[in-house]
Amino acid sequence: MATTGFLPLLLLLISYASCFQKGILSDFDSDGSGTCRSKSVDVHSFLSTRTPYRVVNGRLKYDTPPQCVAQQIWMTIRHGTRNPSKFVIESMQNILPSLRDKIVKLHRDGEGKLCDSEASNLLFWLPRLNISEEKNLVAEGERELEGLGTRVFFNFPELLSHEENKFLNFRYTDTQRTLKSALHFTNGMFGSNDTSHVQYSKSPHKHDPLLRFYKSCEKWKTEIDDHPDTGMLHQLAFKNGSEFSELKSDVANRLGLQDNALTILDIEIMYQTCAFESAWNENGTASPWCAVFSKENLQVLEYSSDLKYFWNDGYGYEINHEQACPMIQDMLANFKNASRATHHAKGVFYFTHSGALLKVLAHLGLYRDKEPLQHHNFDQHKSSRLWRVGRIDSFAANLAAVLYSCESTPKVLFLHQEQPVVVKGCPSEAPYLCPLQQLEELFPSCQFDQICKLPDSKDRSQ
């Protein structure tokens, strides 16, 4: 807790404690216009990449297609719910306590439109994290991966029996959150007492060339990821536009602040705290900081985030998704081997990150809107867009491809978030099986070095 203004804050705490005892805290807006806004907004629908998997998962229950036998499952899985980055943790510690104190004092003075209960929730809020905990998997992430592992095992027992462990491949990146995700996934799959013999493969590279291929793509890193005039262009323009200006004014008015009192950073940190803390809570309780936003505010913030990922990882630039070809070729190579060899991996499980999964989804042609997301077409996409990263790239988001032998013909089923999806060029009717040969024709090769090579004048190797 901030030391500045500690005595007034202590007096407020005593005052609110007295109100609790007397039962006089109200669940109505301070101006009497209606019930607490936070009670009518489902914040979990607008948390972007911080969405917990429980909000979106399809609860896989898929029957084997007639005349088909499963031969292999290949999955790429984003790590589960985690802590925020060092920058966000420091901002929670340095920005929010003083802002909290100001908001609560204004509410006590009759300013703003928070309910008493919303203000008191903020009053008792404290930063919960240390820098040493940045990006670590949390308990909710452990539950997500264990649940996913259990359901995958239940649906494909013929591939994932305990006797087949030696034919399973588990691989994770050089991070605590993917390692722990792999461990809890296998705990869910086999039970915590049955995983001592499971073999895990950690890449010897800091940036795994397969699971984090984008870290090796110099052209993408130079021209998109590190360049605000390309990768961040539309998000920055949106943040400087009318929708964001109205958002800041609306939030300030709700809190009793002057119109220009909040910066974009203030808004972002309140939103990220709202998102992370809500994701952590298994019981669905939203963070106290979510109360500062209306549904319309959250729609604007979510769209801002979607713009970032659309232009940095999705369909905004061809190189974003073209570079994902190593993952697809790995899948096809595994399937080709499985369809020909007697002894082969029955399951291939990769534990990776948002940057990989989004690019792979776009490489497969999934969730592509007719019109690209841009800073000036929020109204067009506000309520009906396909590229919604909170839905397609939540914590523990996953893409599975299952190889079947159907009357001696190899066919592939794709599952995203545990539900069948149709890759462009493949059959679009149930049971959604795409012939392996057709997939090989759709994705014939991978020229990663050519895709990612900088022009000679920019080539860092020169």
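Structure: see above.
Residues numbered from 1 in each chain as written. Predicted model: local features only at pLDDT ≥ 70, side-chain atom pairs only at ≥ 80, totals over all residues. Heavy atoms only, no water.

> Can you lay out the environment of W311 for me, pointing to particular residues and giving the numbers?
Its location among the elements puts W311 in helix α12 (residues 295–312). Since its relative accessible area comes to 10%, W311 is described here as buried. Residues W311 and I224, spaced 87 residues apart in sequence, show a C-alpha to C-alpha distance of 8.3 Å. Setting aside its immediate chain neighbours within four residues, W311 contacts I224, G231, H234, G316, Y317, N320, L373 and Q374. Of note is the side chain of W311, whose polar atom sits 2.7 Å from the backbone oxygen of L373. (Helix = DSSP H or I, 4+ residues; strand = E, 2+ residues; numbered from the N terminus. Buried < 20%, exposed > 50% of the residue type's maximum accessible area, 1.4 Å probe, protein only. Contact = heavy atoms within 4.5 Å. Polar contact = N/O pair within 3.5 Å; in protein donor to acceptor, adjacent residues only side chain to side chain.)

> Lay out the nonpolar core with the relevant residues and their values.
M270 and W289 are the most contacted members of the largest nonpolar core, which totals 92 residues. Broken down by element, this core gets its largest block of residues, 8 residues, from α12. The contact partners of M270, leaving out residues within four places of it in the chain, are L96, L99, V251, L262, W289, V292 and F293. Listed in part, the 32 residues of the second largest apolar core include C68, F190, Y404 and L415. (Core = buried A, V, L, I, M, F, W, Y, C linked by side-chain atoms within 4.5 Å.)

> Account for the pattern of salt bridges, naming residues and giving values.
In total, this model carries 15 salt bridges according to the counting rule given. With a closest N to O distance of 2.9 Å, D208 and R171 form a salt bridge. Here D208 is found in the loop between β3 (200–202) and α8 (218–225), whereas its partner R171 is found in strand β2 (residues 168–172), with 37 residues between them in sequence. What makes D208 buried here is its relative accessible area of 0%. Linking E218 and K221 is a salt bridge whose minimum nitrogen-to-oxygen distance equals 3.2 Å. Placement of both E218 and K221 in helix α8 is noted, with a separation of 3 residues, approximately one turn of the helix. Within this structure, R54, E140, R143 and E282 form a network of salt bridges that share partners. (Salt bridge = Lys/Arg side-chain N within 4 Å of Asp/Glu carboxyl O.)

> A description of the packing of aromatic side chains should follow, citing residues and the corresponding values.
One pass over the structure, following the stated rule, counts 20 aromatic pairs. Look at F170 and Y200: their rings are 5.9 Å apart centre to centre, the planes differ by 50°, and that puts the pair in the tilted class. Note that F170 is positioned in strand β2 and Y200 in strand β3, a separation of 30 residues in sequence. Judged by its relative accessible area of 25%, Y200 is partly exposed. Here the aromatic rings of F185 and F349 are separated by 5.3 Å at their centres, their planes lie at 50°, and the arrangement is tilted. You can see F185 sitting in helix α7 (residues 176–190) and its partner F349 sitting in strand β4 (residues 347–352), a full 164 residues away along the chain. We note that F185, like F349, is buried. Among the aromatic residues, those joined into a ring-pair cluster are F170, F185, Y200, F349 and F351. A cation sits over an aromatic face here: K359 above Y214, 4.4 Å from the ring centre. (Phe/Tyr/Trp six-rings, centres within 6.5 Å; stacked < 30°, edge-to-face > 60°. Lys NZ or Arg CZ within 6 Å of the ring centre and 35° of its normal.)

> Give me the lowdown on the side chain of N334, citing residues and values where you can.
Locating N334 in the fold gives a position in helix α14 (residues 325–340). Owing to a relative accessible area of 17%, N334 belongs among the buried residues under this scheme. Of the polar contacts made by the side chain of N334, one reaches the backbone oxygen of D330; its length is 2.9 Å. In this view, N334 contacts Q72, W74, V348 and Y350; residues no more than four positions away in its chain are not counted.

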